[in-house]
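Summary of the model geometry
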Amino acid sequence: MVVTGANRGIGFELARQLAARGDLVVLTARSLAKAERAAGALPGARRVVPVQLDVTSDRDAAGLAEAIRAHSDRVDVLINNAAIHYDTGQRAAGADLGIVHEALETNVIGAWRTTLSLLDLLRRSEHPRIVNVSSGAGSLQDMGSGTPAYRVSKAALNALTRTLAADLRGDGMLVNAVCPGWVATDMGGTGGRPVTDGAGSVLWAADLPDDGPTGGFFRDGRAIPW
Ligand SMILES: NC(=O)c1ccc[n+]([C@@H]2O[C@H](COP(=O)([O-])OP(=O)(O)OC[C@H]3O[C@@H](n4cnc5c(N)ncnc54)[C@H](OP(=O)(O)O)[C@@H]3O)[C@@H](O)[C@H]2O)c1
């Protein structure tokens, strides 16, 4: 099980829940120090492998696959969780395109890059799953004003989810986008639901049976509009 952006927030909770049930977890973070610190804080630390992965780095992505091969011949689940720039302070009309570019580089290309680097290892799994942590903010049906970099990046991540799902269906790989709901993290702020619930919404897609859906968009196990 590989989780990106797993040193805090929903990603850390995902790693915690996976480790607690005995899965071998590759806990990735932007720096090795962050990954090691987070891994060390988990009770199941023995089965948690900390690896450096800045999702914007080709070098880190290549290093991730290499690091995993030292522990396992396959990856069963990739959870593309890392994301930035919930840009509440801007509007599309007048947006700082530097922020937009960074959001796309991390939230879309980062997930894409990580996926490509692990495809060979995922293909070795008997039940491969890719879970893209998206957001209702990326739903075109609900698309409105505000947080433009974030919204556009999550809509693009949803498109990536569908096209990857179509490409990988023949490999028996289930690829879905999942919204964790509004969750109380650094990104979500106060007032959201607990990380345990947000992570649960994501893990549902990691645990799908072989005849489960692919190319869908879900929250708490229920389909939500694109
Ligand atoms: N919280 C919510 O209400 C909510 C709602 C809908 C969807 N989501 C989605 O849920 C996911 C997790 O969100 P969260 O609330 O847990 O956010 P968070 O608390 O802000 O954590 C984000 C994580 O992503 C990592 N990250 C950022 N840029 C990265 C990069 N270039 N490479 C690797 N890691 C990077 C961060 O690492 P650093 O510590 O190094 O910055 C951090 O570990 C995101 O995809 C988010 O869009 C959240």
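This text goes with the structure placed above it.
Remember, predicted model here, so these are calculated numbers, not experimental data.

1. Section: the pairing of strand β6 (residues 174–178)
Burial of β6 is extensive: five of the five residues sit out of reach of the surface. Side-chain alternation along β6 places Leu174, Asn176 and Val178 on one buried face and Val175 and Ala177 on a second face that is also buried. Read from strand β5 (residues 129–133) through helix α5 (residues 148–168) to β6, the crossover connection turns out right-handed. Summarising the sheet, β6 and strand β7 (residues 217–219) pair through two bridges and their orientation is parallel. Bridged to Val178 within β7 is Phe218.

2. Section: the site of the ligand
Around the ligand, a shell composed of 29 residues is seen, among which Asn7, Arg8, Lys34, Tyr150 and Thr185 lie nearest. Taking Asp54, its side chain carries an N or O atom lying 3.0 Å from a nitrogen atom of the ligand. At 3.0 Å from an oxygen atom of the ligand is found a side-chain nitrogen or oxygen belonging to Lys154. In isolation the ligand offers 910 Å² of accessible surface; the protein chains occlude 95% of this area. Put simply, the parts of the chain that give the shell around the ligand at least two residues each are α1 (9–20) and α5. In terms of residue class, the shell around the ligand is built from twelve nonpolar, eleven polar and six charged.

3. Description of the packing of α1 against helix α6 (residues 195–206)
Packed helices, taken two at a time, are described by their axes: the angle between them and the distance between them. Where α1 meets α6, the closest approach of the two axes is 9 Å, and the angle between their N-to-C directions is 70°. The angle between α1 and α6 falls in the class roughly perpendicular. The segment α1 lies against α6, with Gly9, Ile10, Glu13, Leu14, Arg16, Gln17 and Leu18 engaging Val195, Thr196, Ala199, Gly200, Val202 and Leu203. Its residues assigned to classes, the contact of α1 with α6 comprises seven nonpolar, four polar and two charged.

Conventions adopted
The numbering scheme is per chain: residues are counted from 1 as the chain's sequence reads. With the structure being a predicted model, the display of local features is reserved for residues of pLDDT at least 70 and the display and counting of side-chain atom pairs for 80 or more, all residues being used for whole-chain, interface and lining totals. Hydrogens and waters are ignored; side-chain quantities use all the structure's heavy atoms. For each residue, the accessible area found with a 1.4 Å probe, counting protein chains only, is set against the maximum for its type, and the residue is called buried under 20%, exposed over 50%, and partly exposed in between. What counts as a helix is a DSSP run of H or I of at least four residues, what counts as a strand is a run of E of at least two, and both are numbered from the N terminus. When the strands point away from the viewer and the path from the first strand over the helix to the second turns clockwise, the crossover is right-handed. Two strands qualify as a pair provided DSSP detects at least 2 bridges between them. If a single non-hydrogen atom of a residue is within 4 Å of a molecule or strand, that residue counts as near it. The term polar contact refers here to a pair of N or O atoms within 3.5 Å; inside protein, the definition further demands a hydrogen-donor-capable atom paired with an acceptor-capable atom, and it admits residues adjacent in sequence only when both atoms are side-chain atoms. The Shrake-Rupley method, run with a 1.4 Å probe, gives the accessible areas here. Residue values count only the displayed protein chains as cover. Residue polarity follows a fixed list, in which Ala, Val, Leu, Ile, Met, Phe, Trp, Tyr, Cys and Pro are nonpolar, Asp, Glu, Lys and Arg are charged, and the others, Gly among them, are polar. To obtain each axis, a line is fitted to C-alpha atoms, and for helices this fit is confined to the stretch in contact; angles are then taken between N-to-C directions over 0 to 180 degrees. Angle categories are assigned with fixed cut-offs, so that under 35 degrees is roughly parallel, over 145 is roughly antiparallel, 65 to 115 is roughly perpendicular, and the rest are oblique. The contact criterion used throughout is that any non-hydrogen atoms of two residues lie within 4.5 Å.

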